[in-house]
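Chain by chain, the residues:
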Amino acid sequence: MRPSRSLALLLLAAVTTGALARADGLALRAVRAAGPFCARLSWNLPQVVDFERLEVHAGITPDFDPDDSTLIWVSTSAADTSSVVGGLAPDTRYFVRLRAVGHGGTSEVSQPLPLVTGPCPPQAYRVTVLWGGRGSIPGRFQGAAGIVVDQDRNFWVSDYRNNRIQKFNPAGYGFVMWGANGTDLGQFQGPFGLAMDGHGGIWVVDQYNTRIQKFSLGGQFIKSVGTLGSGEGQFRKPQGIAVDTQGYVYVADPGNRTLQKFSSDGGFLASFTRPPMAPGSQFAPTSVAVDPAGFVFVTDSRNHCVHVYTTEGKYMNSFGRPGCGPGELWAPTAVCLDSRGLVYVADTGNQRIQKFTRRGEYVGQWGFRGREPGQFLNPQGVAVAENGTVYVADFDNDRVQEFVPRTAAADSASR
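Colleague: Just to check I follow, could you spell out the state of the cysteines for this structure?
Modeller: Each disulfide consists of one covalent bond between the sulfur atoms belonging to two cysteines. One pass over the full model with this rule turns up 1 disulfide. Disulfide pairing places C38 opposite C324 at an S-S distance of 2.3 Å. Note that C38 is positioned in the loop between β2 (26–33) and β3 (39–44) and C324 in the loop between β28 (315–319) and β29 (334–337), a separation of 286 residues in sequence. Here C38 matches C324 in class, with each residue buried. Among the cysteines around C336, which has no disulfide bond, C305 carries the closest sulfur, lying 18 Å off.

Dropping the structure here:
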């Protein structure tokens, strides 16, 4: 299953208000921008409500058809009278419409209201190279999901819907591929997270086969670990994976709401404790990374934060909170660290990458919703090379993007 496009973010500050718009009793009352990436909407409902659901749609022309709305949409309960939408592009004029869908499939659509998002925040990195494009031939992707990079800047990408792994050299060529759709050993059904073990092996999360598989860096199958279930060493929808310097393997499984630790040969060792959170909240670990100092960083897509543990499973702290401002997160899906211990998070709901210190202090951000170079549609994987170059698996744009810090890029351009 592809990552969800349904987004809902918390309101930060109301800066723009639209006028009343009505269509047969269904009325969008106000549209308020909350910075460059999200907005809050409220509406009136007819006195007699018989709706199965309500949908919020956005387009870039006032007469857009909700059926052709490809920018954003949010499905809500029929009883809701407000919502917040995220993943918007900055400096953009949108038109927003509310559609009420009845139990028989009939629908009622409000008139559009305008929305203008805020200015683009400073971009800490700039794009230098793009690889891919939609397709199944070598070098193309159908959902670039996970990514890892070695010290020579060769990188491996999990090609989600093509059910294969692709390897690229630093120039983006020398394609090595393995895998095919299936349930046999060495085959995949939705390969996702990737991790290197430091001993010539690469681990692949085989999501819908509910297992992890280990291969040589050239694609030779070595072993398979895990089965469907909720017990020790079992998975329901594994997504992220990491290997520490001792060879221990960590698997983030949002389907079972667990983070499990395995030995280097795949033997189950422990499940990490659920982090403290608000009553009724569900732990949804989507990715994991381990630094040499012995700390484990876990993205939690439901609670919009990053949790920090020791490698023994002791909870230490969390950073991030729901939102779209600097240092705030919505549905993060990937985390990695560089050689200095800085933390990079794929802030997928906000369509950007954010950078933090190990203590969770905000450093910078780049990217926003779109298809142009430097923009994202559901970034799902992030990796950092030894020289600080950042690689992002841009899932719904079917590509990998390479980024360098803006200062480094400027210095390079001046030489």
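And the narrative resumes.
Colleague: In this structure, what is going on with the layout of surface pockets? I would like to understand it.
Modeller: Vacant regions in the atomic arrangement are exposed by a probe of water-molecule size rolled over the atoms. By volume, the largest pocket is sized at about 1,200 Å³. Lining the largest pocket are 46 residues, with V148, V149, M196, V243 and L337 sitting closest to its centre. At the level of secondary structure, the elements contributing two or more residues to the lining of the largest pocket comprise β11 (144–149), β15 (191–196), β21 (240–243), β25 (285–290), β29 and β33 (379–384). The residue makeup of the lining of the largest pocket, split by class, is 24 nonpolar, 16 polar and 6 charged.

Colleague: Would you explain the nonpolar core in this entry?
Modeller: A general feature of soluble globular proteins is that nonpolar side chains tend to end up buried together. Counting 27 residues, the largest nonpolar core has L41, V56, V85 and V96 as the members making the most contacts within it. When contributions to this core are tallied by element, the ones reaching two or more residues are β2, β3, β4 (51–59), β5 (72–76), β7 (93–102) and β9 (113–116). With residues near it in sequence (within four places) discarded, L41 still touches L28, A30, V31, V56, T81, S82, S83, V85 and V96.

Colleague: What is the right way to look at the pairing of strand β16 (residues 201–206) in this model?
Modeller: Of all 6 residues that make up β16, 6 are buried, and the element is covered over most of its length. By the alternation rule, side chains of β16 split into G201, W203 and V205 and I202, V204 and D206, which are all buried. Here β15 runs beside β16; their pairing, made up of 4 bridges, is antiparallel. Bridging across to β16, M196 finds its partner in I202. Linking β15 back to β16 in an antiparallel pair, the connection comprises 4 residues, with G198 at a positive phi of about 80 degrees. Where β16 and strand β17 (residues 211–216) come together, 6 bridges link them in antiparallel fashion. Its bridge partner lying in β17, I202 is registered against F215. Following β16, the chain reverses through 4 residues before pairing antiparallel with β17; T210 in that reversal takes a positive phi of roughly 45 degrees.

The rules behind these values
- Residues numbered from 1 in each chain as written.
- Predicted model: local features only at pLDDT ≥ 70, side-chain atom pairs only at ≥ 80, totals over all residues.
- Heavy atoms only, no water.
- Disulfide = S-S within 2.5 Å.
- Helix = DSSP H or I, 4+ residues; strand = E, 2+ residues; numbered from the N terminus.
- Buried < 20%, exposed > 50% of the residue type's maximum accessible area, 1.4 Å probe, protein only.
- 1 Å grid on protein atoms, 1.4 Å probe; cavity = no way out; pocket = protein on both sides within 12 Å on 5 of 7 lines; lining within 4 Å.
- Points joined across faces, edges and corners; volume = space filled by probe spheres on them.
- Nonpolar A, V, L, I, M, F, W, Y, C, P; charged D, E, K, R; others polar.
- Core = buried A, V, L, I, M, F, W, Y, C linked by side-chain atoms within 4.5 Å.
- Contact = heavy atoms within 4.5 Å.
- Pairing = 2+ DSSP bridges.

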